[in-house]
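Spelled out from the first residue to the last, the chains are:
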Amino acid sequence: MTQSIKDLSSRQVGEVRNINRELLEKSLRMSCLAYLHQVKSDLLVETIHDVSSSKQQLARLTDTLRERTLEAEEQRRLIAHQKQLLSEQNRVLIEDRDLLELKVLERNEALDRLAHYDALTGLPNRFLFNDRLRHALARASRDGYRVCVLLIDLDRFKNINDTAGHPAGDALLRQVGERLQAYAREEDTLARLGGDEFALIMENFDQDELPATVADKIQQKLLQPFLVEESEIYLTASIGISLFPDDADDTVTLLKNADAAMYRAKAEGKNKYQYYTRELTRAANSRFSLENELRQALERDEFELYYQPQYSLAEGRLSGAEALIRWRHPQHGLMSPADFIWLAEETGLILPLGAWVLQHACQQIRRWRDCEVMQGPVSVNLSAHQFTQDNLLQLIGQLLDENGLPPGSLEIEITESALMGQAESVCQLVRAFKRSGVTLAIDDFGTGYCSLAYLKRFQVDKLKIDRSFVRDIPEDGNDVAIVRAIIAMAHSLGLTVIAEGVETEAQSMLLRELDCDQVQGYLYGRPVPADQFP
């Protein structure tokens, strides 16, 4: 029993120990759980705190992100705006580039046109003409055909410039270019070489007479009046013709030969065409020599004045004289004005030569008056260029004063062309002559284009009937009618009439019957030096 009690006690003690151990374990577990719970609580608190902080950070990040988003949106708008501006600028730059390229192209074309075309007429200039002529000769040499150069020079164009003015001259050149183009084939080249000089290249022509036919048509076309500044201007042209390979095998010689032919046409009376011959080369060389000699002639005192008497038909006595220049050339002897005046006009020497004539004529008038040889006026011819020079009246007044002469002792003869063109300025000059008392006469009347309106407006003092109308009277009825009409018209305007080229008694008698005032010609006396006059 005791054992049983002991065993029971042992078991109970064991059980108690187990219970205590379990209790201890539970207590430990509880402590652990409590600790874990505390840890979890702390962790939870920390987590909650962290979550709260994270929310705050997230909120701040959200605000920052929103701000960054707004900023990014603004940047995007700015970038889009800048992109639009850049796109617009790029478009403008592209347009500017295109415009610049167009302007550069236009400028290059303009420069090319200036380099190769005449600014006034729009025709090829000398540079392009020479280039095309070289190519034309190369083609002709290769293919075996001929090339022709027509050199066209306007006659007395300088007179038109001097009287009508350079603007009118420019307008006239433009019209001339337009007319000449009508006679240029598509394969031909018409150019303005400068001044009043044009040239035409004709290639591969079959008919030998074609250059002459074209030259004649050009001259006929130019004879039609040009309307410039409401005035009609009449024009003629001299044309030189040179052929490849007949006359030359290079451009320089071909053009030079055409130039020589053109000057021969001018020397034969202008408004003509002339083919080149080898003799013309010698003539051209002679022309250059003559020009140099002409420049020296004034300094060497090689000029003389001859005087041809003029007679009054009504009174049958000497009424005046015409001063005619002669050149006593050291090699060629006595040369008439027809041999050198044209060259003086071309080179500008006509002005000092004209002043020389006026000076010596006034001196001779003084000597004749002192010796009582002649009291009538002496007439002096002036070209259009001389007539419109600025100091002409001043020069004449000075010479009259130096020689103690009245104004009526000197008479100025001008051609009809001198009155054409700048009507107002010429009219003022004529009035100035009227006031000065110096007499004005129109020389070679009837051969130019002076209208009745011009005669009425300018009120010159005398008309000089050209010898071409006097030569065949009284046999030619048409010439008689023309002379009768000129005399009647002049008298109705209060003008004195003088007929030149009177060589027969029959001519003189008819002119007296027609009431002509004065005559001049071989019948009454040839031009002679002053010491042999009258």
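Residues numbered from 1 in each chain as written. Predicted model: local features only at pLDDT ≥ 70, side-chain atom pairs only at ≥ 80, totals over all residues. Heavy atoms only, no water.

Trainee: Which parts of the structure should I look at to understand the pairing of strand β1 (residues 147–154)?
Mentor: Within β1, eight of the eight residues are buried, which leaves it mostly tucked inside the rest of the structure. Every second residue of β1 is oriented toward a common face, with Val147, Val149, Leu151 and Asp153 on one face and Cys148, Leu150, Ile152 and Leu154 on the other, all of them buried. Bridge count for β1 against strand β3 (residues 197–203) is seven bridges, and the pairing is antiparallel. By the bridge assignment, Leu151 is partnered in β3 with Ala199. (Buried < 20%, exposed > 50% of the residue type's maximum accessible area, 1.4 Å probe, protein only. Helix = DSSP H or I, 4+ residues; strand = E, 2+ residues; numbered from the N terminus. Pairing = 2+ DSSP bridges.)

Trainee: Sorry if this is basic, but what is going on with the packing of aromatic side chains here?
Mentor: Aromatic ring pairs are defined here through the distance separating the ring centres and the angle between the ring planes. A full pass over the atoms with the stated rule returns eight aromatic pairs. When the centroid spacing of 5.6 Å and the interplanar angle of 85 degrees are considered together, the rings of Trp327 and Phe340 count as edge-to-face. Of this pair, Trp327 sits in strand β9 (residues 317–329) while Phe340 sits in the loop between β10 (333–335) and α8 (341–347), and the two are 13 residues apart along the sequence. Taken as a pair, Trp327 and Phe340 share a single burial class, namely buried. An aromatic cluster of three or more residues is present, and its members are Phe303, Trp327, Phe340 and Trp356. The cationic tip of Arg526 hangs over the ring face of Tyr522; the distance from NZ or CZ to the ring centre is 3.8 Å. (Phe/Tyr/Trp six-rings, centres within 6.5 Å; stacked < 30°, edge-to-face > 60°. Lys NZ or Arg CZ within 6 Å of the ring centre and 35° of its normal.)

Trainee: Any chance you could explain the pattern of salt bridges here in plain terms?
Mentor: Pairing of side chains with opposite charge becomes possible as their charged atoms draw close. Counted by the stated rule, this structure contains 21 salt bridges. Linking Glu74 and Arg77 is a salt bridge whose minimum nitrogen-to-oxygen distance equals 2.2 Å. Of the two residues, Glu74 and Arg77 both sit in helix α1 (residues 2–116), three residues apart, roughly one turn of that helix. Using a relative accessible area of 33% as the deciding quantity, one classes Glu74 as partly exposed. (Salt bridge = Lys/Arg side-chain N within 4 Å of Asp/Glu carboxyl O.)

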